[in-house]
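What the coordinates show
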Amino acid sequence: MSNIALKIENLVKRYPSVLALKGISFEIKEKELFALLGPNGAGKTTIIRIISGLTQPTSGNIYIFNKSIFNNPIWAKNQIGIVPQTINLDLELSVEENLLIHGFLYRMSLDQIKKRIEELLELADLTFRRKSKIKELSGGMRRRVLIIRALMHNPKILLLDEPTVGLDPHIRRKIWSFIKNIQSNGTTILLTTHYMEEAEILADRVAFIFSGKIIDIDTPKNFVNRLGNYALDVYLQNKTKTFYFKSKDEAEQELLRYSKKYFVSLRRVNLEDVFLTYMEKKK
Ligand SMILES: Nc1ncnc2c1ncn2[C@@H]1O[C@H](COP(=O)(O)OP(=O)(O)O)[C@@H](O)[C@H]1O
Ligand SMILES: [Mg+2]
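Residues numbered from 1 in each chain as written. Chains lettered and ligands numbered in written order. Predicted model: local features only at pLDDT ≥ 70, side-chain atom pairs only at ≥ 80, totals over all residues. Heavy atoms only, no water.

1. Regarding the overall build of the protein chain
Scanning the protein chain from terminus to terminus reveals 10 helices and 13 strands. In terms of overall dimensions, the protein chain has a C-alpha envelope of 70 × 45 × 40 Å along the principal axes. Per-residue burial for the protein chain yields a buried fraction of 45% across its 283 residues. Look at the contacts in the protein chain between residues 6 or more apart in sequence, and 66% of them connect residues 24 or more apart. Accessible surface, the protein chain: about 14700 Å² in total, of which carbon and sulfur atoms supply 51%. Looking at the protein chain, you have 44 positive and 31 negative side-chain charges, and the mean spots of the two groups are 4 Å apart. (Helix = DSSP H or I, 4+ residues; strand = E, 2+ residues; numbered from the N terminus. Buried < 20%, exposed > 50% of the residue type's maximum accessible area, 1.4 Å probe, protein only. Contact = heavy atoms within 4.5 Å. Areas by Shrake-Rupley, 256 points an atom, 1.4 Å probe, with all protein chains shown as cover. Lys, Arg positive; Asp, Glu negative; His and termini not counted. Charge placed at Lys NZ, Arg CZ, Asp CG, Glu CD.)

2. Considerations on the pairing of strand 7 (residues 157–161)
Consecutive residues of a regular strand have side chains that alternate between opposite faces of the sheet. The element strand 7 is largely enclosed, with a buried count of five among its five residues. Burial of strand 7 is two-sided: the residues Ile157, Leu159 and Asp161 facing one way and the residues Leu158 and Leu160 facing the other way are all buried. Examined bridge by bridge, strand 6 (residues 80–83) and strand 7 share four bridges and lie parallel to one another. Following the sheet pairing, Ile80 is matched in strand 7 by Ile157. By the bridge criterion, five bridges tie strand 7 to strand 8 (residues 188–193) in an arrangement that is parallel. (Pairing = 2+ DSSP bridges.)

3. Describing the pairing of strand 11 (residues 230–235)
Most of strand 11 sits inside the fold, with five of its six residues counted as buried. As paired elements, strand 11 and strand 12 (residues 240–245) share six bridges and run antiparallel to each other. Bridged to Leu232 within strand 12 is Phe243. Turn length for the strand 11-strand 12 hairpin, with the two strands adjacent in sequence and antiparallel, is four residues. Examined bridge by bridge, strand 11 and strand 13 (residues 263–268) share six bridges and lie antiparallel to one another. Looking at the pairing, Tyr230 lines up with Arg268 of strand 13.

4. Brief notes about the site of ligand 1
Close to ligand 1 lie Tyr15, Val18, Ala20, Pro39, Asn40, Gly41, Ala42, Gly43, Lys44, Thr45 and Thr46. Take Thr46: an N or O atom from its side chain is 2.5 Å from an oxygen atom of ligand 1. Relative to its unbound accessible area of 560 Å², ligand 1 is 61% covered by the protein chains. Among the elements that make up the shell around ligand 1, the one with the highest residue count is helix 1 (residues 44–51) (three residues). Here the shell around ligand 1 is built from residues that sort into five nonpolar, five polar and one charged. (Near = heavy atom within 4 Å. Polar contact = N/O pair within 3.5 Å; in protein donor to acceptor, adjacent residues only side chain to side chain. Nonpolar A, V, L, I, M, F, W, Y, C, P; charged D, E, K, R; others polar.)

5. Observations regarding the side chain of Ser52
With respect to the helices, strands and loops of the structure, Ser52 is situated in the loop between helix 1 and strand 4 (59–64). Assessed through its relative accessible area of 13%, Ser52 is described here as buried. A distance of 2.6 Å separates a polar atom in the side chain of Ser52 from the backbone oxygen of Ile48. The contacts of Ser52, once residues within four sequence positions are left out, are Ile80, Ile82 and Leu159.

6. Comments concerning the domain arrangement of the protein chain
Annotation of the protein chain at the domain level lists domain 1 (4–92 + 155–218) and domain 2 (224–282). If you average the C-alpha positions of domain 1 and of domain 2, the two centres end up 31 Å apart. Listed as interface residues are 12 residues of domain 1 and, on the opposing side, 10 residues of domain 2. Each partner contributes to the roughly 950 Å² buried at the junction of domain 1 and domain 2, and carbon and sulfur atoms together form 71% of this total. Between Arg226 and Asp216 there is a salt bridge whose closest N-O contact spans 3.0 Å. Here domain 1 is connected to domain 2 by four residue pairs in polar contact (both at pLDDT 80 or more). (Domains from an automatic or database assignment. Buried area = accessible area lost by both parts, 1.4 Å probe. Salt bridge = Lys/Arg side-chain N within 4 Å of Asp/Glu carboxyl O.)

7. As for the coordination of the magnesium ion (ligand 2)
Ligation of the magnesium ion (ligand 2) by protein atoms is provided by Thr45 (OG1) and Gln85 (OE1), these donors lying 2.0 to 2.5 Å from the ion. Here Gln85 lies in the loop between strand 6 and helix 3 (95–105) and Thr45 lies in helix 1, a separation of 40 residues in the sequence. Overall, Thr45 belongs to the partly exposed group, its relative accessible area being 28%. (Donors = N, O, S within 2.8 Å, 3.2 Å for Na, K, Ca; no water.)

8. Focus: the packing of helix 3 against helix 4 (residues 110–123)
Following both chains from N to C, one finds helix 3 and helix 4 inclined at 135°, their axes separated by 10 Å at the closest point. Relative to helix 4, the element helix 3 is oriented oblique. For the element pair helix 3 and helix 4, the recorded crossing hand is right-handed. In this structure, helix 3 contributes Val95, Glu96, Leu99, Leu100, Gly103 and Phe104 to the contact, and helix 4 contributes Leu110, Ile113, Ile117 and Leu121. Within the contact of helix 3 with helix 4, the residues separate by chemical class into eight nonpolar, one polar and one charged. (Axes fitted to C-alpha atoms, helices over the stretch in contact; angles between N-to-C directions. Parallel < 35°, antiparallel > 145°, perpendicular 65-115°, else oblique. Left-handed = near helix turned anticlockwise from the far one by under 90°.)

If you want it as structure tokens, here you go:
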């Protein structure tokens, strides 16, 4: 049986004007990559901030390897690495200097710091830019620095809040393989995203979150299979209607029928379909 790296239990967060989290529970297994997928304002960053100790929940519990983070805050801080949604590196300092400062903040020795910087620059393919100031780097490189900074103190769990927001498609793909690589080195990862494709490609399991509540948790594959294998989009006058089919034959028959009158397209089902189906149900 695999260990539970992170357990979130009935988390509630009330801001004066909004109930941001309405009882969030989930568990992440060791070495798993778990994605919280949901629209802006769903509560993803609030969950990350609470796990990081940056804000207190109104109620609820969080356990890292069965230890309460609220009873062991300093220990907990060392178990997690945090990659915030907005890049908060020191733009005037070099890549190396940013990593060094983080090492000192986590009370690492200079020897440990130097060794770890070498390893991480190598991992992120950034050794050749070690002396560059952050302000001289591209968006994709800054993201990679942000991620390896979080890994400096060798955390067991990495929290990634919207790691590819605002990046070009080819750079996003580079970051994705970088994240997968980190997971395969043994790190447990909690990732938040509002990109369906990102969750579908990266995550072992996905939790759909809408307005402070988790609607459902499963593997991307199971979510998709529940709807069907094939999706037929029919472009009606002022909306698109999508039909789902298990069998290709059936899908192709319908395709023929609708194509006499409308624009149609047949494709594989993806996580976006699952998301849109939930939205439909909510109306
Ligand atoms: N510091 C804050 N004070 C008041 N409301 C907040 C604060 N932070 C977030 N919220 C509200 O909580 C909800 C969830 O926000 P957030 O966790 O940032 O969502 P997400 O990261 O999924 O976009 C939103 O309605 C947001 O406006
Ligand atoms: Mg957010």
